[in-house]
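Single-letter residue listing:
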Amino acid sequence: MLKDFSAQALFMGILVAFVGFASSFAVALQGLRATGATDAQAATGLMALSIAMGLGGIYLARKYRMPISVAWSTPGAALLINSGPVDGGFEAAIGAFIISAILVIIAGQVRPFGRLINKIPSAIANAMLAGILVILCFAPFKAIAFNPALGLPIVLAWLIVGRFNKVLAVPAALIAFVIVVVLAIKLPDNSAELLAASFPPNVAIVMPSFSWPALFGLALPLFFVNMASQNIPGITVLRVHDYDPPSGNLFSTTGLFSLFSAPFGAHGVTLAAITAAMCASEDAHTDPSKRYWAAIVAGIAYVLLGLAAGIAATFITLAPAILIEAVAGLALIGAFAGSAKAAFEQENHREAAAVTFLISASGVSFFGVAGAFWGLLAGIFIVTANNLVRRRRDKSAKK
């Protein structure tokens, strides 16, 4: 195994970890806080997510000798922000994380269950995701309106760097955020002590509770988002690069790591798509059979970054919330554009996708259940109704 190690894989693995962590940890933190986590619980959750995806990536890459990259669910974190506080508090959210993880395990091992999930029209799944993301994507522009001197440098850094390298655009925005906080915001006199005290982070374990609103409003939408926007695309990326991974086993493994990390506040880890493409590219190694080392190096780096999660979480609390929301929104613009395009491509599903998108984006909730679930349900209902009407017309035409 060590004979396959290379300097190329080392560099790519470190780059993957930096991009994967820096581009979306703000979304993960914001999502945990939105569901009621305290600062300590959010920091513990970020640490658990990073360690889980690091160990998961190391395990899968080593076992299958493929560049399999694991990531926390960024769209899932966006769902948490969109859903807001859960009835029952953060304990009920933890219960939802556990149920979602169990469903992922079942989807990987029980083929009929997995096939049932695959029958949900991709247009509807993407419309739900686009509805979740669109509200968050407004944040960068709200930050400019809040204070142009603070918000504009963050957006400009993302815009300018993105013209040359899209992968580094969000990390550039994060660096701009750090510079703005240090130079333009009056920090508390004890900020250095606060940062020093946050390493290593204090571990806060949360006892889960379970409720019907959390099941329907968070667990089920989180499961659908994780499968549709992360796990399935992650398998697709590997297959595009001529790898043939056992998808069911990979899904179940990410579900297990999600299950073990959920009591620490982790909302879920999944197969990666963007960072998997980086690990599977020729930049990781000219020999495809040796590219798995890039994923292993990335996994080791994720674990190390997880130990510094408390510093990242504490630093963010020192700045106006709208600024880190701006970084999170910039990180999600690409995902929103992709999901919106996929949602409205098929003309026969366009109306159902529009209804799903609007309900999911509205922020409404019924019976304590967030709009993402109702949007998904409405879209499936319209597609089913349209299919039934079409079949009856076809039968009548044949007569």
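For the rest of this paragraph, the subject is the environment of S247. Tracing the chain through its elements places S247 in helix α13 (residues 247-261). Overall, S247 belongs to the partly exposed group, its relative accessible area being 23%. Taking the C-alpha atoms as reference, S247 lies 9.7 Å from Q109; in sequence the two are 138 residues apart. If we ignore the near neighbours within four places in the chain, the residues touching S247 are I235 and R239.

Here the focus is the nonpolar core. One broad rule of soluble globular proteins: the nonpolar side chains tend to lie buried together. Counting residues in hydrophobic clusters, the biggest one holds 121 residues, and the most contacted among them are F25, F97, F177 and L323. Ranked by residues supplied to this core, first place goes to helix α12 (residues 212-240) with 12 residues. Setting aside its immediate chain neighbours within four residues, F25 contacts L46, W72, L174, A312 and I316. Among the nonpolar cores identified, the runner-up in size contains eight residues, and A127, A130, V134 and A361 belong to it.

A word on the packing of helix α7 (residues 122-137) against helix α18 (residues 350-362). The interhelical angle for the contact between α7 and α18, taken along N-to-C directions, is 30°, at an axis separation of 7 Å. When the axis of α7 is compared with that of α18, the two are roughly parallel. Viewed along their axes, α7 and α18 form a crossing whose handedness is right-handed. Here A123, I124, A127, M128, A130, G131, I132, V134 and I135 of α7 come into contact with α18, specifically with A352, A353, T356, F357, S360 and A361. Among the residues forming the contact of α7 with α18, the class breakdown is 12 nonpolar, three polar and no charged.

What follows concerns the environment of A277. Here A277 lies in helix α14 (residues 274-279). Beyond its immediate chain neighbours, meaning those up to four positions away, A277 contacts V237 and H241.

This brings us to helix α16 (residues 309-317). Within α16, seven of the nine residues are buried, which leaves the element mostly enclosed by the surrounding structure. Buried within α16 are the following residues: A309, G310, A312, A313, T314, F315 and I316.

For the rest of this paragraph, the subject is the packing of helix α4 (residues 74-83) against α7. Two numbers describe how α4 lies on α7: the axes approach to 9 Å, and their chain directions differ by 70°. As the angle between them shows, α4 and α7 are arranged roughly perpendicular. Of the two possible hands of crossing, α4 and α7 adopt the one that is left-handed. Mapping the contact onto sequence places P75, A78, L79, I81 and N82 in α4 and L129, G131, I132, L133, I135 and L136 in α7. Class assignment of the residues belonging to the contact of α4 with α7 gives a composition of nine nonpolar, two polar and no charged.

Now for the packing of aromatic side chains. To describe a pair of aromatic rings, you give the distance between the ring centres and the angle between the ring planes. In total, this model carries nine aromatic pairs according to the counting rule given. Between the aromatic rings of Y59 and F257, the centroid separation amounts to 6.5 Å while the plane-to-plane angle is 50°, which identifies the pairing as tilted. Taken as a pair, Y59 in helix α3 (residues 39-64) and F257 in helix α13 lie far apart in primary sequence, 198 residues in all. With a centroid separation of 5.5 Å and 50° between ring planes, the pair formed by F223 and F224 is classed as tilted. Of the two residues, F223 and F224, both sit in the buried class. Following the ring pairs from residue to residue traces out a cluster consisting of F5, Y292 and W293.

To continue, consider the pattern of salt bridges. Taken as a whole and judged by the stated rule, the model has two salt bridges. D39 is the salt-bridge partner of R33, the closest N and O atoms lying 3.4 Å from each other. Taking the relative accessible area as the measure of exposure, R33 reaches 26% and is therefore partly exposed. Owing to a relative accessible area of 48%, D39 belongs among the partly exposed residues under this scheme. Between K341 and E345 there is a salt bridge, with its nearest N and O atoms 2.5 Å apart. On the basis of relative accessible area, E345 is assigned to the partly exposed category, the value being 46%.

Here S261 shows up in helix α13. Judged by its relative accessible area of 6%, S261 falls in the buried class. At 3.3 Å, the side chain of S261 forms a polar contact with the backbone oxygen of S258. Aside from chain neighbours lying at most four places away, what touches S261 is A48, A52 and A266.

This next bit is on a positive patch on the surface. A cluster of basic residues, R390, R391, R392, R393 and K395, forms a positive patch at the surface. A residue is classified by how much of its surface remains accessible, and R391, at 53% relative accessible area, is exposed.

Calculation notes
- Residues numbered from 1 in each chain as written.
- Predicted model: local features only at pLDDT ≥ 70, side-chain atom pairs only at ≥ 80, totals over all residues.
- Heavy atoms only, no water.
- Helix = DSSP H or I, 4+ residues; strand = E, 2+ residues; numbered from the N terminus.
- Buried < 20%, exposed > 50% of the residue type's maximum accessible area, 1.4 Å probe, protein only.
- Contact = heavy atoms within 4.5 Å.
- Core = buried A, V, L, I, M, F, W, Y, C linked by side-chain atoms within 4.5 Å.
- Axes fitted to C-alpha atoms, helices over the stretch in contact; angles between N-to-C directions.
- Parallel < 35°, antiparallel > 145°, perpendicular 65-115°, else oblique.
- Left-handed = near helix turned anticlockwise from the far one by under 90°.
- Nonpolar A, V, L, I, M, F, W, Y, C, P; charged D, E, K, R; others polar.
- Phe/Tyr/Trp six-rings, centres within 6.5 Å; stacked < 30°, edge-to-face > 60°.
- Salt bridge = Lys/Arg side-chain N within 4 Å of Asp/Glu carboxyl O.
- Polar contact = N/O pair within 3.5 Å; in protein donor to acceptor, adjacent residues only side chain to side chain.
- Patch = residues over 30% accessible without salt bridge, like charges linked within 9 Å, V, L, I, M, F, W, Y side chains within 5 Å.
- Areas by Shrake-Rupley, 256 points an atom, 1.4 Å probe, with all protein chains shown as cover.
- Lys, Arg positive; Asp, Glu negative; His and termini not counted.
- Charge placed at Lys NZ, Arg CZ, Asp CG, Glu CD.

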